[in-house]
Amino acid sequence: MTQPATAAQKEAPPSAAAPADGERSSRRPVLRWGVRTLSLLGVLAVLVAVGGITAPDEFLATSNLQLVLTQASVIGVVTVGMTFVITSGGIDLSVGAMVALASVWATTVATQEFGFAGILFTAVIVGVGCGLVNGLLIAYGRMVPFIATLAMLASARGLALQITGGSTQVVTVDSVLDLGSRDFYVLGVPPLVLIFAAVTVIGWLLLNRTTFGRRTVAVGGNAEAARLAGIDVRRQRLYLYLLSGLCCGIAAFMLIVLAGSGQNTNGNLYELDAIAAAIIGGTLLSGGRGTIVGSVLGVLVFTTITNIFALNNLETAVQQIAKGAIIVAAVLVQRRSPHGET
């Protein structure tokens, strides 16, 4: 009679300790996220300090801070879409070309005759259309994302050049141009920044609070396991590239408002900036983990670096070298941590 009691007593401690172990393991991603976010905030604070020291009058001016946020908004919207794609284990090299194509298609003389709605609708539809082609090639054509989006990059750039003939298409619709004027600032915040904030909030909710987001993470973590769990992996990937195209269309419209024109050179190297911002923000390049907040902070870091370099009259080549070094450092940090976790 005493043996069963003794066995039960021996088994009790492990069962009691199990929840504690599970609780500790569940806290680890939260702690990592907190450390990563605080680190990015620290880097951003250091950059602000550097900007304030090297160019105090220019960098800390309200107009310059508004410019930094506005410039971050365009690439930031693209980065939100890129974060979803990378989280799923994919890549999209065509985001810059899609922005260029959407911007020039939306600023043709025929399109501008339909006014504000025509320009916005065209930019979004062109972006979604390009995303649809990417999604179909990758999800149902079984093409490698790198190759499919590389082909889209070349095709979209070529089509944008053909539409413009190498010239700049000036926007003549006053309601579009007015959106970028100071008269439309809300409490000193530019409208484009508000659009970026709205896209960020929606993206965060979509990734962290919906089934769509959980499926995205599952596909990126292990596509075969996700398929066996009942997830339609091909359809999910199609949706993700549609989302990336939608973000590019929105960014194209924002760029039209910011520049007041459409050019085939728009969105140059956006793919580099978006991928880099997502990676240093904590999104795992191999898929399975993504963070919208980290990506936004990554965008702000890169935009602030570019602004500081411009104010100090440093060459563009130096900026690109700095960005490349940051990307390498971020990937090395991910590789050093267990299972790619930082």
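These numbers come from a predicted model, not from an experiment.

Cut-offs and rules
- Residues numbered from 1 in each chain as written.
- Predicted model: local features only at pLDDT ≥ 70, side-chain atom pairs only at ≥ 80, totals over all residues.
- Heavy atoms only, no water.
- Core = buried A, V, L, I, M, F, W, Y, C linked by side-chain atoms within 4.5 Å.
- Buried < 20%, exposed > 50% of the residue type's maximum accessible area, 1.4 Å probe, protein only.
- Helix = DSSP H or I, 4+ residues; strand = E, 2+ residues; numbered from the N terminus.
- Contact = heavy atoms within 4.5 Å.
- Salt bridge = Lys/Arg side-chain N within 4 Å of Asp/Glu carboxyl O.
- Axes fitted to C-alpha atoms, helices over the stretch in contact; angles between N-to-C directions.
- Parallel < 35°, antiparallel > 145°, perpendicular 65-115°, else oblique.
- Left-handed = near helix turned anticlockwise from the far one by under 90°.
- Phe/Tyr/Trp six-rings, centres within 6.5 Å; stacked < 30°, edge-to-face > 60°.
- Patch = residues over 30% accessible without salt bridge, like charges linked within 9 Å, V, L, I, M, F, W, Y side chains within 5 Å.
- Areas by Shrake-Rupley, 256 points an atom, 1.4 Å probe, with all protein chains shown as cover.
- pLDDT = per-residue confidence, 0-100.
- Expected span 1.5 Å × (residues − 1).

Draft legend 1. Fine view of the nonpolar core. In this structure, Val-78, Phe-84, Val-99 and Ile-119 are the most contacted members of the largest nonpolar core, which totals 70 residues. Here this core takes 11 residues from helix H12 (residues 233-259), the largest share from any one element. Once residues lying within four places of it in the same chain are set aside, the contact partners of Phe-84 are Gly-203, Leu-206, Leu-207, Phe-212, Thr-216, Leu-240, Leu-243 and Ile-292.

Draft legend 2. Inspection of the pattern of salt bridges at higher detail. For the coordinates displayed, the defined rule picks out two salt bridges. Notably, a salt bridge pairs Glu-224 with Arg-227, separated by 2.5 Å at the nearest N-O pair. You can see Glu-224 and its partner Arg-227 sitting in helix H11 (residues 223-228), three residues apart, about one turn around the helix. Given the relative accessible area of 42%, Glu-224 is considered partly exposed.

Draft legend 3. Looking closely at the packing of helix H13 (residues 270-281) against helix H14 (residues 292-311). Contact pair H13 / H14: the axes reach a minimum separation of 7 Å and the direction vectors enclose 120 degrees. Taken together, the axes of H13 and H14 are oblique relative to one another. Here H13 and H14 pass one another in a crossing that is right-handed. Touching Ala-276, Ala-277, Ala-278, Ile-280 and Gly-281 of H13 are Gly-294, Ser-295, Gly-298, Val-299, Val-301 and Phe-302, all from H14.

Draft legend 4. Inspection of the environment of Asp-273 at higher detail. Tracing the backbone through its elements, the reader meets Asp-273 in helix H13. Judged by its relative accessible area of 16%, Asp-273 is buried. In this structure the C-alpha to C-alpha distance between Asp-273 and Val-78, which are 195 residues apart in sequence, comes to 9.3 Å. With residues near it in sequence (within four places) discarded, Asp-273 still touches Ile-75 and Lys-323.

Draft legend 5. How the structure looks around the environment of Ser-88. Here Ser-88 shows up in the loop between helix H3 (62-87) and helix H4 (95-106). Judged by relative accessible area, which is 5%, Ser-88 ranks as buried. Linking Ser-88 and Arg-289, residues 201 residues apart in sequence, is a C-alpha distance of 8.1 Å.

Draft legend 6. Geometry of the packing of aromatic side chains. Overall, the coordinates contain two aromatic pairs when judged by the stated rule. Ring plane angle 45 degrees and centroid distance 6.2 Å describe the contact between Phe-84 and Phe-212, whose orientation is recorded as tilted. Within this pair, whereas Phe-84 is found in helix H3, its partner Phe-212 is found in helix H10 (residues 211-221), the two being separated by 128 residues in sequence. You can call Phe-212 buried: its relative accessible area is 18%. Taken together, a centroid distance of 5.3 Å and an interplanar angle of 80 degrees make the contact between Phe-116 and Phe-253 edge-to-face. On the criterion of sequence distance, the pair formed by Phe-116 in helix H6 (residues 115-140) and Phe-253 in helix H12 is long-range, its members being 137 residues apart. Judged by its relative accessible area of 31%, Phe-116 falls in the partly exposed class. On the accessibility criterion, Phe-253 (5% relative accessible area) is buried.

Draft legend 7. Broad picture of a nonpolar patch on the surface. Together, Val-133, Leu-137, Met-143, Val-144, Phe-146, Ile-147 and Leu-150 make up an exposed nonpolar region whose accessible area comes to about 560 Å². For the nonpolar patch, the elements supplying multiple residues, two or more each, are H6 and helix H7 (145-164). By residue number, the principal contributor to the nonpolar patch is H7, which donates three residues. Positionally, Val-133 belongs in helix H6.

Draft legend 8. The arrangement of the confidence of the model for the chain in detail. Chain-level pLDDT for the chain is 87 on average; 87% of the residues reach the 70-or-more range. The low-confidence segment residues 5-23 (pLDDT under 50) makes zero contacts with residues lying over four places distant or belonging to another chain. Counted against residues more than four places away or in other chains, residues 338-342, with its pLDDT under 50, gives 13 contacts.

Draft legend 9. Highlighting H4. Taking 1.5 Å per residue as the helical rise, H4 with its 12 residues ought to reach 16 Å, and the 16 Å between its terminal C-alpha atoms agrees with that figure. Taken across its 12 residues, H4 has 11 buried, putting it largely inside the fold. Among the residues making up H4, those that are buried are Val-95, Gly-96, Ala-97, Met-98, Val-99, Ala-100, Leu-101, Ala-102, Ser-103, Val-104 and Ala-106.

Draft legend 10. Here's a closer look at the environment of Ala-229. Counting through the fold element by element, Ala-229 comes out in the loop between H11 and H12. Each C-alpha atom of the pair Ala-229 and Ala-218 lies 9.5 Å from the other, and the pair is 11 residues apart in sequence.

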